[in-house]
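Residues per chain, in single letters:
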Amino acid sequence: MVPSATPYGTVPDGAIAVTDGRVVFVGPRGELPSEVASHPARVIAGDGGWVTPGLIDCHTHLVFGGNRAEEFEARLGGASYEEIAWAGGGILSTVAATRAASEDELRASAGARIATLRAHGVTTVEIKSGYGLELETEIQMLRVARAAGDDQDVTTVTTLLGAHALPPEAAGDRDVYLDLVCEEMIPAAVGVADAVDAFCEGIAFTPEECRRVLQTGAGHGLYGRLHADQLSDIGGAAVAAACGARSADHLEYTSEAGVRAMAQSGTVPVLLPGAFLYLNEERRPPVAAMREAGLDIAVATDLNPGSSPIASPLIALNLACLLFGLTPEESLAGMTRVAARVLDMEGSRGTLTEGAHADLALWDIEHPAELSYWMGANPCRTVIRGGRAG
Ligand code: DI6
Ligand code: FE
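**Student:** Would you mind going over the layout of surface pockets with me for this structure?
**Tutor:** Regions of empty space are outlined by a rolling probe, equal in size to a water molecule, passed over the atoms. Looking at the largest pocket, its volume works out to about 1,300 Å³. As for the largest pocket, its lining consists of 42 residues, of which G14, A15, I16, I44 and V51 are closest to the centre. Among the secondary structure elements, those contributing two or more residues to the lining of the largest pocket are β1 (14-19), β2 (22-28), α1 (34-38), β3 (50-53) and β12 (360-363). Per element, the largest residue contribution to the lining of the largest pocket is six residues, and it comes from β1.

Quick look at the structure:
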């Protein structure tokens, strides 16, 4: 999908030529350069299907041990996500299960989740740590994320989320834990992580604490992301913007001032409708204000065992439309071109333009709105990564 005045950037009866894993031509079939048209090394026929850039799931927590089906039952019985967190459950129960799992177990279960995403058109996935909350396990999660991506032939981007929750052994001493994150985890993550993230929330870390984490990350060459304004407005979006974070994610409670701050700093809003759905939230992110401010919006699964056990990127597209009012075109851009910007890959992935990586998905659909329209169907016929089908 090339951004243009044409809806979806559609090229009817189009052709794409690939050399050495990169797109070298995209346009009408009749305009294929003659040397390619007459001597193709290999042709994959579209047979009337649609080709889009491979989907980019720019926000997941898919490396974890165990699952939280019992917590799901408890929440259906009336317990709130925050009550469960304050009682030491929630994220901390996944921390216990993740610490108890072996590296091989984590790699296999993460690999199975990545394989599911790939089967639904994903060629790039961002994966966060945050269920170790101790140096060794946090770094192990990042290592596992990269290895599991390689196993499944999916490009991975990794994010250190040491500031996800306060671990039990910190015994409430926030400063000691933040020292561990900033003085040990962040330096150790250089080389295994691309970015740093924090959970800015009443049940997690304050704006001041998150600022420290993002600034320390930036000092080590890790760009920033922030879980912001998911359950309350504590000014998270503005903190992300002030720190020059590439994205602020969730944003249900973000104020107009927060939206303006993001527009000024170029911080991309990432919407995660799965978490909104599972947590039975009522407050919706300020999509109209974002559009008015000229912000492009990214969409992701937030795949995690607590607030968003959603392993389908297409369901996330569907929910972004149904729950947040995105158009199917905005939703698809949010998981391709805009998601690439979040991951510092703008122009090289998430777009079908000359020079971009040849990461493509081929769909058995008649209209691209079908990618947001079906729930539970999977029209993905083939995924091509780096020019190779598999
Ligand atoms: N917000 C979320 O939605 C995930 N993390 C976060 O900071 C949920 C993580 C979990 O509940 O395990
Ligand atoms: Fe998240």
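**Student:** So what exactly am I meant to see when it comes to the site of ligand 1 here?
**Tutor:** In the vicinity of ligand 1 lie 14 residues, with R68, Y81, Y131, H164 and S307 positioned nearest. Taking Y81, its side chain carries an N or O atom lying 2.5 Å from an oxygen atom of ligand 1. Between ligand 1 and the protein, one listed contact pairs an oxygen atom with a side-chain N or O atom of S307 at 2.6 Å. When isolated, ligand 1 has an accessible area of 320 Å², and the protein chains bury 100% of it. Looking at the shell around ligand 1 residue by residue, the class counts come to four nonpolar, eight polar and two charged.

**Student:** What is the right way to read the sheet that holds strand β14 (residues 388-389) from this model?
**Tutor:** The strands that make up a sheet are held in pairs by hydrogen bonds between backbone atoms, and each pair lies either parallel or antiparallel. Judged by pairing direction, the sheet is antiparallel, and its four strands sit side by side in the order β3-β12-β13-β14 without closing on themselves. Each edge of the sheet is formed by a strand with only one pairing partner; in this case those strands are β3 and β14. Taken together, the four bridges between β3 and β12 define a ladder with antiparallel strand orientation. Its bridge partner being in β12, W50 is matched across the sheet by W363.

**Student:** Whenever I open this one, the sheet that holds strand β4 (residues 55-57) confuses me. Can you help?
**Tutor:** Taken together, the eight strands give an open sheet; going across it, the order is β4-β5-β6-β7-β8-β9-β10-β11, and neighbouring strands pair in parallel fashion. Of all the strands in the sheet, just β4 and β11 (298-299) have a single pairing partner and so form its edges. Examined bridge by bridge, strand β9 (residues 247-250) and strand β10 (residues 268-271) share three bridges and lie parallel to one another. Across the sheet, the residue bridging to D249 is V270, located in β10. Helix α8 (residues 207-219) contacts β6 (155-163), β7 (195-200) and β8 (223-228) of the sheet and is inclined by roughly 180 degrees relative to β7.

Quick notes on the rules
Residues numbered from 1 in each chain as written. Chains lettered and ligands numbered in written order. Predicted model: local features only at pLDDT ≥ 70, side-chain atom pairs only at ≥ 80, totals over all residues. Heavy atoms only, no water. 1 Å grid on protein atoms, 1.4 Å probe; cavity = no way out; pocket = protein on both sides within 12 Å on 5 of 7 lines; lining within 4 Å. Points joined across faces, edges and corners; volume = space filled by probe spheres on them. Helix = DSSP H or I, 4+ residues; strand = E, 2+ residues; numbered from the N terminus. Near = heavy atom within 4 Å. Polar contact = N/O pair within 3.5 Å; in protein donor to acceptor, adjacent residues only side chain to side chain. Areas by Shrake-Rupley, 256 points an atom, 1.4 Å probe, with all protein chains shown as cover. Nonpolar A, V, L, I, M, F, W, Y, C, P; charged D, E, K, R; others polar. Pairing = 2+ DSSP bridges. Contact = heavy atoms within 4.5 Å. Axes fitted to C-alpha atoms, helices over the stretch in contact; angles between N-to-C directions.

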